[in-house]
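Here is how the chains run, residue by residue.
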Amino acid sequence: MSNAEHGHPIFLEHGQLVTPPDPVIPFIEGDGSGEDIWRAAHPVLNAAVEKSYQGQRRLVWKEVYAGEKALRFAGTSLPDETLQAFRSFLVGIKGPLGTPVGGGMRSLNVALRKDLDLYVCLRPVRWLPGVPAPVHHPERVDMVIFRENTEDVYTGIEFEHGSEENQNFKTLLREHFPAEYARMRFPESAAVGLKPVSVEGSRRLVRAAVRWALENHRRSVTLVHKGNIMKFTEGGFRKWGYQICEEEFGDQVYTALQWERTRAAQGEEAANREQEQALAEGKLLIKDIIADAMFEAALTRPQEFDVLATTNLNGDYLSDALAAQVGGLGMAPGANINFETGIAVFEATHGTAPKLAGKDMVNPTSFILSGEMLLRYIGWNEAADLILRGVEGAIAARTLTPDLCALVEGAQRVGTQEFGRAIIAHMEV
């Protein structure tokens, strides 16, 4: 692990982040094309801070290792020192890390989230003018996804077909839960996985989503679930989500359950009037939708949705599907956050693109916009605004990396590093 220049850690005081003028920010370069996007993003983040604060503030970068680089230098893909750095300095950023399909090691991204208890995967999705998109009205997409990050099928509790553990588990199921065992269509040849969804995990995820929505003056929070089929896991998420909204946020919110209770007691017209009055008073609307219906609605009426709170696997699918509507994962920033401890790791949301590594061709926007999220998280909004201005300016000038240039008539094709320089050139204080 490299030594950082002299700087000071961000810390938590009375539940609020306190950011010094020279915070130490751990970073993981990432695998594959990670080096390319880091080399482009690093100057952009530094330039935004310098232009915004004229030397009064600076980011002190501290490289920590994970993935292929860690394996070379430390003999392990995720050293304890890397985890400790994020615990000590609270806020960091990472490039993409490779994960094999099938056998082999578990996802390093999942390991980071679980070891640091980063229970929120935060994915804002909105369209930037000039970015080619596959839908007619990408400008109608402006959603923020709060995806539960530590439970669901991502817990990795699986029993491989043919293994002793698989046989033992199915024997236990057959002997003690025969009705459930009988639901398996081909029990003898089935691999089995478990899907834990807890009261605590659901409540803290929805709490974070509602608090964020209130602080950022959003219109609604929608609980996305598959509770019509998985009634005790996904259905539990919905139930516990509504419970915490009504218990902890009171008159700040208006829930779909309140509407249903009023309709049952006084009729639909009265319920509609009550909801209209609540929204006119600025209350946050809490509603829910079945997950598959959410995918249809995201394409046909995205303007009706604002903040989405959902379980892990649903959120995984939705994050990428919504990103595709606004230009793809190369444009999609993200973060993994524990809003209670303050620990946050911001990240490029795409893969490692190993075939493009070292060719100066990868779009660094996802990483750069994740840096914008980082700056906003630590309270440096002026620098964050400058990054947005620079990105929007570079795109408006049609100075684009190969993935976007091929889709925009009259665009100038530039490499990863030159695109970073174009962003800096379009920053104006």
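Structure: above.
Residues numbered from 1 in each chain as written. Predicted model: local features only at pLDDT ≥ 70, side-chain atom pairs only at ≥ 80, totals over all residues. Heavy atoms only, no water.

A. How the structure looks around helix 3 (residues 80-89). Every buried residue belonging to helix 3 is among Thr82, Leu83, Ala85, Phe86 and Phe89, and all of these are buried. Projected down its long axis, helix 3 shows its buried positions confined to an angular sector of 155 degrees, all on one face. Residues of helix 3 that are buried in the fold lie against strand 3 (24-28), strand 4 (60-63), strand 5 (91-94), helix 4 (108-115) and strand 15 (344-348). Backbone geometry just downstream of helix 3 places Leu90 in the positive-phi region, at approximately 70 degrees. (Buried < 20%, exposed > 50% of the residue type's maximum accessible area, 1.4 Å probe, protein only. Helix = DSSP H or I, 4+ residues; strand = E, 2+ residues; numbered from the N terminus. Arc of directions from axis to C-beta. Contact = heavy atoms within 4.5 Å.)

B. The packing of aromatic side chains, seen in detail. Counted according to the given criterion, the structure contains 10 aromatic pairs. Ring centres 5.1 Å apart and planes at 80 degrees place the aromatic pair Trp38 and Trp61 in the edge-to-face group. Here Trp61 lies in strand 4 and Trp38 lies in helix 1 (residues 34-53), a separation of 23 residues in the sequence. Accessibility assignment for this pair places Trp38 and Trp61 in one class, buried. The rings of Phe27, Trp38, Trp61 and Phe367 are connected pair by pair, giving a single aromatic cluster. Positioned over the ring face of Tyr53 is Arg57, at 4.3 Å from the centre of the ring. Positioned over the ring face of Phe305 is Lys287, at 4.7 Å from the centre of the ring. (Phe/Tyr/Trp six-rings, centres within 6.5 Å; stacked < 30°, edge-to-face > 60°. Lys NZ or Arg CZ within 6 Å of the ring centre and 35° of its normal.)

C. Quick look at the nonpolar core. By size, the foremost hydrophobic cluster in this structure holds 97 residues, and its most contacted members are Phe146 and Val221. Here this core gets 9 residues from one element, more than from any other, and that element is helix 1. Ranked by size, the runner-up nonpolar core spans 15 residues in total, among them Met143, Ile145, Leu318 and Val326. (Core = buried A, V, L, I, M, F, W, Y, C linked by side-chain atoms within 4.5 Å.)

D. Expanded view of the pattern of salt bridges. By the definition in use, this model includes 23 salt bridges. Measuring nitrogen to oxygen at the nearest pair gives 3.4 Å for the salt bridge that ties Asp142 to Arg218. Of the two residues, Asp142 is situated in strand 7 (residues 142-148) and Arg218 in the loop between helix 7 (199-215) and strand 10 (220-225); the sequence distance between them amounts to 76 residues. Notably, a salt bridge pairs Arg219 with Asp306, separated by 3.7 Å at the nearest N-O pair. In this pair, Arg219 is assigned in the loop between helix 7 and strand 10 and Asp306 in the loop between helix 11 (291-300) and strand 13 (307-310), connecting sequence segments 87 residues apart. (Salt bridge = Lys/Arg side-chain N within 4 Å of Asp/Glu carboxyl O.)

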